[in-house]
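Structural overview
These are the residues of each chain, in order.
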Amino acid sequence: MNLTKIYAFSPFKSNLVQRPTSKTTINLSILEVLLLKCQSSKHFGQILSQMISTGLIRDTYAASRILKFSTDSHFNHVNYSHKIFDYIENPNGFICNTMMRAYLQLNQPQNTIFLYKSMLKNNVCIDNYTFPLLVQASTIRLSETEGKELHNHVIKTGFRSDVYVKNTLINMYAVCENMVDARQMFDESPVLDSVSWNSILAGYVQVGNVDEAKVIFHKMPMKNVIASNSMIVLLGRSGRMSEACQLFDEMMEKDVVSWTALISCYEQHGMYTQALDLFMQMCATGISIDEVVAVSVLSACAHLLVVQTGESVHGLVIRVGFESYVNLQNALIHMYSTCGDVMAAQKLFDTSSHLDQISWNSMISGYLKCGSLEKARELFDSMPKKDVVSWTTMISGYAQHDHFSETLALFQEMLHEDNKPDETTLVSVLSACTHFSALDQGKWIHTYIRKNGLKVNIILGTTLVDMYMKCGCVENALEVFNEMEEKGISSWNALILGLAMNGQVERSLDMFQEMKECGVTPNEVTFVAVLGACRHMGLVDAGRSYFDAMTRYYNVEPNIKHYGCMVDLLARAGLLKEAETLIDTMPIAPDIATWGALLGACRKHGNSEMGERIGRKLLELQPDHDGFHVLLSNIYASKGNWDSVLDIRGAMMRQGVVKIPGCSMIEANGAVHEFLAGDKSHAQINEIEEMLAEMEKRLKIMGYAPGTDEVLLDIDEEEKESTLFRHSEKLAIAYGLISIAPPTPIRIIKNLRICSDCHAAAKLISKAFNREIVVRDRHRFHHFKDGSCSCMEFW
């Protein structure tokens, strides 16, 4: 390299380049003085010019000093230092090490390796400081292969016994998670210092090997703070919190990392109160907090909803002076929004000068948690960049607030924008599909999961099982369940409940038995599913047995849902008095749904006296409940007591109680269609009317007689028949017949319980049109095929 090149690169071009002089203007002593005073690249260029013009650059020691100063300075770029290095004639090991260390410190390990290769070509002398730098470079690159090659060079060059070299090799193997070779080097080393012990311990901590880490830790001659802190992290990460606490208490010396490690362990294991208590102790000792512990403590405050404590931590953060750190900003935004103070979160968001993706996502999540969906969407739409977390947060927010249409629409937009959903996104979308019984879209998502190789974890697998079950696709649900590598109690519960809802009660109870044989202990949700199965088929004795087994064998205390199932089971079976006695003797106050189950059974079994008494009681308890008004009105109507019917209807009008209209949804050609009773608003209403007429014609040939007792109004029979045939499920069936080609089943979801007339008509329609019809009503599934129903007339 010639002089022109280095001065062209230099920020200062000395006239000495053009008029070199042999007069000595600088020597080693003067150089040291000049370097002490050097504060700028311009001044440095002048010194370098003098060294080159006087030939002092050829002095190895002087060259090493100027290069070392250049690499350590904040004003010289590393490339500039490398040009100086290239100009030095016959660089020794120290000079080469200096250049390699400079690249290493700037996180350019590849350049360190390249430099070493050039040293080998030029036969530069290598010393015991060279190899540690090279091994560190391989460690940063996580290149174990490269590290092993360097290990061979160490052996060939005779540095294998150097403790400094050995420590870096132990660390390299440990970082690359090759604990076999790391341990072999450790065990073979004749000299072990604190770095050796800490390196091997750190390796075992990194790979999570608690047993070996404990062996090393207990053998350490001197247990320093670093080693103890590492063990606390490992024990906490492994769930051994009592051991982590014991080690913390035994430490003679603790630093901020010690406290932070244990507090973070508490927070990560959901022990939020303990995390805050330990943080208070830490503050009492006078130890200054750092960013990591503040983030953990703010997370604990968010989980405990203790905004006052969070505010105190916020004040402490401001006093310490790192409020502007983006991780802390995000933790504060999350804490305030989770605790309901979304205004404080918004203020932080608006005033922050260091917003990142997490900041935006945290703020959107905060609005969603507070129910401010419009503000969340406004912020979402204004994001400079959206990642999968942004999309998932917004989609999940819609789903959690029952905005299922928006959930599906935003999911379609996400796909259109070429964003790949993850497992969490798909769980929310599948929940929306389940609500709408949108089987086609649910199947598409299942196919997407398979094609993209997404892991079907417990949550996603259970959601798929639930979706298929609630769309009436039992075999698909069983296929997903059987393919799941890991099944949780929630997975079994979804299967047991789904089978029962779809009329496969015996299979449901068999699965309950299989679950126990697999070693899975049933919980309270399981027993809701099992008792529900008994309820769907009227298995009174089995229900009593399972109800008794809850406390006797599984230590599950019955809650209101279990009592509600038993009351419904007894009442549906006609054991009205026993059901009422159970309500009266419950150790907990019965809820409206439990009384409602008994009232509905009174209507079904014609016990007008009990029905009137319970109905009046329920109207006193909840005068705005439309269902109780309707049931009591129907009981009066069944007796022909039209005056009382008018009284009930009048009371409903005065109190503003509106009967929820029957609504049925059907998915056809990728879209969900909704029908209300008597609906005439559909775009294809003319075709639907024609199909209704055809349905009525075929059913009458088969001997169908409308069950006009379901229309409990004082109107003539002909008008009652007309009203019955415009129930929402019949409209949906008619649309299905004209829109869904056989043999695809017609799948309908209804918001209320299917009436007796629609149930009878659906059986006949399935036979008359040779179509399978699946109706999911408020309580269960009805699979109509060849003139029969899976419920076996018990619903």
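Since the structure is predicted, the reported quantities are computational estimates derived from the model, not experimental observations. Once a new chain begins, its residue numbering starts again from 1 and follows that chain's sequence as written. Given that the model is predicted, a residue must reach a pLDDT of at least 70 before its local features are reported, and side-chain atom pairs must reach 80 or more before they are shown or counted; all residues, however, enter totals for whole chains, interfaces and linings. In computing side-chain properties, one takes all heavy atoms of the structure into account and sets aside hydrogens as well as water.

1. Details of the overall build of the chain
Summing up its helical and strand segments, the chain has 43 helices and 6 strands in all. We compute the radius of gyration over the C-alpha atoms and compare it with the globule rule, which gives 2.2 Å times the number of residues raised to the power 0.38. The C-alpha atoms of the chain give 38 Å as radius of gyration, which overshoots the globular expectation for 795 residues (28 Å, by more than 25%). If one aligns the C-alpha atoms of the chain with their principal axes, the spans along those axes are about 125 × 60 × 50 Å. For every residue, the accessible area (1.4 Å probe, protein chains only) is compared with the maximum for its type, and the residue is labelled buried under 20%, exposed over 50%, or partly exposed between those bounds. Out of the 795 residues in the chain, the part that is buried amounts to 50%. Residue contacts are defined here by distance: any two heavy atoms, one from each residue, within 4.5 Å place the two residues in contact. Sequence separation of at least 24 residues holds for 62% of the intrachain contacts in the chain that already meet a minimum separation of 6. On the chain, roughly 37600 Å² of surface is accessible, and the fraction owed to carbon and sulfur atoms is 51%. Here Asp and Glu are counted as negative and Lys and Arg as positive; His is not counted, and neither are the chain ends. By convention, the point assigned to a charge is CZ for Arg, NZ for Lys, CD for Glu and CG for Asp. One way to put it: in the chain the 73 positive side-chain charges average out to a point 6 Å from where the 91 negative ones average out. Secondary structure follows DSSP: runs of H or I at least 4 residues long count as helices, runs of E at least 2 residues long count as strands, and numbering of each begins at the N terminus. Note on areas: these come from Shrake-Rupley sampling with a 1.4 Å probe, and a residue is covered only by the protein chains present in the view.

2. Topic: the UniProt feature "repeat: PPR" (unreviewed entry) in the chain
Per the UniProt entry, the sites bearing "repeat: PPR" (unreviewed entry) are residues 193-227, 255-289, 356-390, 457-487 and 488-522 in this numbering. A distance of 10 Å separates the end C-alpha atoms of residues 255-289, which is 74% helix and 0% strand. Secondary structure content for residues 457-487 is 74% helix and 0% strand, while the C-alpha to C-alpha distance between its ends is 8 Å. UniProt positions are given in the numbering used here, feature names are shortened, and annotations may be inferred rather than shown by experiment.

3. Digging into the pairing of strand E2 (residues 671-676)
Judged from the 6 bridges that link them, strand E1 (residues 663-668) and E2 form a sheet pairing that is antiparallel. Considered in E2, the bridge of Met665 is made with Glu674. Linking E1 to E2, which pair antiparallel, is a turn of 2 residues; within it Asn669 sits at a positive phi near 55°. For two strands to be treated as a pair, DSSP must find no fewer than two bridges joining them.

4. Description of the pattern of salt bridges
Once the charged atoms of two side chains with opposite charge are near each other, the side chains can pair. Salt-bridge detection follows one rule: a side-chain nitrogen of Lys or Arg within 4 Å of a carboxyl oxygen of Asp or Glu. By the definition in use, this model includes 26 salt bridges. Put simply, Glu144 and Lys148 hold a salt bridge, and the shortest N to O gap is 3.7 Å. Placement of both Glu144 and Lys148 in helix H9 (residues 144-157) is noted, with a separation of 4 residues, approximately one turn of the helix. Relative accessible area serves as the criterion here: at 22%, Glu144 is assigned to the partly exposed category. Note that Lys214 is salt-bridged to Glu243, the shortest N-O span being 2.9 Å. Linking Lys214 in helix H13 (residues 210-219) with Glu243 in helix H15 (residues 241-250), this pair joins segments that are 29 residues apart in sequence. Using a relative accessible area of 23% as the deciding quantity, one classes Lys214 as partly exposed. With relative accessibility at 27%, the residue Glu243 sits in the partly exposed group.

5. Observations regarding helix H36 (residues 592-605)
Helical geometry note: an α-helix holds 3.6 residues per turn, so side chains three or four residues apart project in the same direction. With 14 residues, H36 should cover 20 Å at 1.5 Å per step; its first-to-last C-alpha distance of 20 Å lies within 8% of that length. Positive backbone phi, at 70°, marks Gly606, one or two positions downstream of H36. Helix span, expected: 1.5 Å multiplied by one less than the number of residues in the helix.

6. Digging into the packing of aromatic side chains
The geometry of two aromatic rings is summed up by the distance between their centres and the angle between their planes. Each aromatic pair joins two rings of Phe, Tyr and Trp (for Trp, the six-membered one) with centres within 6.5 Å, and gets the label stacked for planes under 30 degrees apart, edge-to-face for over 60, and tilted for any other angle. Scanning the entire structure with this criterion turns up 18 aromatic pairs. Geometrically, the ring pair formed by Phe44 and Phe69 is stacked, given 5.9 Å between the ring centres and 10° between the ring planes. Taken as a pair, Phe44 in helix H3 (residues 41-54) and Phe69 in helix H4 (residues 60-72) lie far apart in primary sequence, 25 residues in all. The exposure classification of Phe44 matches that of Phe69, with both residues buried. Geometrically, the ring pair formed by Phe411 and Trp444 is edge-to-face, given 6.3 Å between the ring centres and 75° between the ring planes. Placement of the pair is Phe411 in helix H25 (residues 404-416) and Trp444 in helix H27 (residues 439-451), with a sequence separation of 33 residues. Its relative accessible area of 0% is what places Phe411 among the buried residues. Comment: the charge-over-ring label is applied if NZ (Lys) or CZ (Arg) is within 6 Å of the ring centre and within 35 degrees of the ring normal. Over the ring of Phe481 we find Lys487; its NZ or CZ atom is 5.1 Å from the centre of that ring.

7. Topic: the side chain of Ser70
Mapped onto the elements of the fold, Ser70 is located in helix H4. For Ser70, a relative accessible area of 0% corresponds to the buried category. Any pair of nitrogen or oxygen atoms within 3.5 Å is treated as a polar contact; in protein, a donor-acceptor pairing is required on top of that, and neighbouring residues in sequence qualify only through side-chain atoms on both sides. Among the polar contacts made by the side chain of Ser70, one reaches the side chain of Ser81 at a distance of 2.7 Å. In contact with Ser70, not counting residues within four places along its chain, are Phe44, Asn76, Tyr80, Ser81 and Ile84.

8. Remarks on a negative patch on the surface
Each patch is built from residues lacking any salt bridge and having more than 30% relative accessible area; the joining distance is 9 Å for like charges and 5 Å for nonpolar side chains (Val, Leu, Ile, Met, Phe, Trp, Tyr). Together, Glu506, Asp510, Glu514 and Glu517 make up a negatively charged patch on the protein surface. As for its position among the elements, Glu517 is in helix H31 (residues 505-517).

9. A closer look at helix H17 (residues 272-284)
The end-to-end C-alpha distance of H17, which contains 13 residues, comes to 19 Å, matching closely the 18 Å that a straight helix rising 1.5 Å per residue would cover. Within H17, the full set of buried residues consists of Tyr272, Ala275, Leu276, Leu278, Phe279 and Met282. All buried residues of H17 project into a common sector of 165° when viewed along the axis, lining one side. Tucked into the core, H17 has its buried residues touching H15, helix H16 (256-268), helix H18 (291-304) and helix H19 (307-320). In this context, the arc is that of the directions from the helix axis out to the C-beta atoms.

10. Here's the deal with the nonpolar core
Note on soluble globular proteins: their nonpolar side chains tend to be buried together. The term nonpolar core refers to a set of buried residues drawn from Ala, Val, Leu, Ile, Met, Phe, Trp, Tyr and Cys, joined through side-chain atoms within 4.5 Å. Residues Ile66, Leu201, Leu262, Val465 and Leu598 are the most contacted members of the largest nonpolar core, which totals 211 residues. Apart from residues no more than four positions distant in its own chain, Leu201 is found in contact with Ala213, Ile216, Phe217, Met220, Ala227 and Met231.

11. Re the environment of Glu578
Relative to the assigned elements, Glu578 resides in helix H35 (residues 576-585). Glu578 has contacts with Arg544 and Leu570, leaving out every residue within four places of it along the chain.

12. Points about the sheet that holds strand E6 (residues 788-789)
The strand order across the open sheet formed by 6 strands is E2-E1-E3-E4-E5-E6, and the pairing between neighbours is mixed. The open sheet has two edge strands, E2 and E6, and neither has a second partner. As judged from the 2 bridges shared by strand E5 (residues 781-785) and E6, these two strands associate in the antiparallel manner. Each residue of the ladder has a partner; that of Phe784, found in E6, is Cys789. The axes are straight lines fitted to the C-alpha atoms, using for helices just the contacting stretch, and the angles between their N-to-C directions are given from 0 to 180°. Against the sheet, helix H26 (residues 423-436) contacts E1, E2, strand E3 (746-750) and strand E4 (773-776), and its axis sits at roughly 90° relative to E3.

13. Focus on the packing of helix H34 (residues 560-572) against H36
Where H34 contacts H36, the axes come no closer than 9 Å and their chain directions differ by 5°. Accordingly, the angle class assigned to the pair H34 and H36 is roughly parallel. In this structure, H34 uses Ile560, Gly564, Val567, Asp568, Ala571 and Arg572 to contact H36, whose residues at the interface are Thr594, Ala597, Leu598, Ala601, Lys604 and His605. Each residue receives one of three labels: charged for Asp, Glu, Lys and Arg, nonpolar for Ala, Val, Leu, Ile, Met, Phe, Trp, Tyr, Cys and Pro, and polar for the others, Gly being one of them. Among the residues making up the contact of H34 with H36, the classes are represented as 6 nonpolar, 3 polar and 3 charged. Throughout, the term roughly parallel applies to angles under 35 degrees, roughly antiparallel to angles over 145, roughly perpendicular to angles from 65 to 115, and oblique to all others.

14. Topic: the state of the cysteines
Disulfides are defined in this document as cysteine sulfur pairs within 2.5 Å. Counted under the stated rule, the structure contains 0 disulfides. Unpaired in terms of disulfides, Cys339 finds its nearest cysteine sulfur in Cys301, a separation of 7.3 Å.

15. Observations regarding the side chain of Asn97
Following the sequence through the fold, Asn97 ends up in helix H6 (residues 93-105). Within polar-contact distance, the side chain of Asn97 engages the side chain of Thr130 at 2.8 Å. The contact partners of Asn97, leaving out residues within four places of it in the chain, are Asp127, Tyr129, Thr130 and Leu133.

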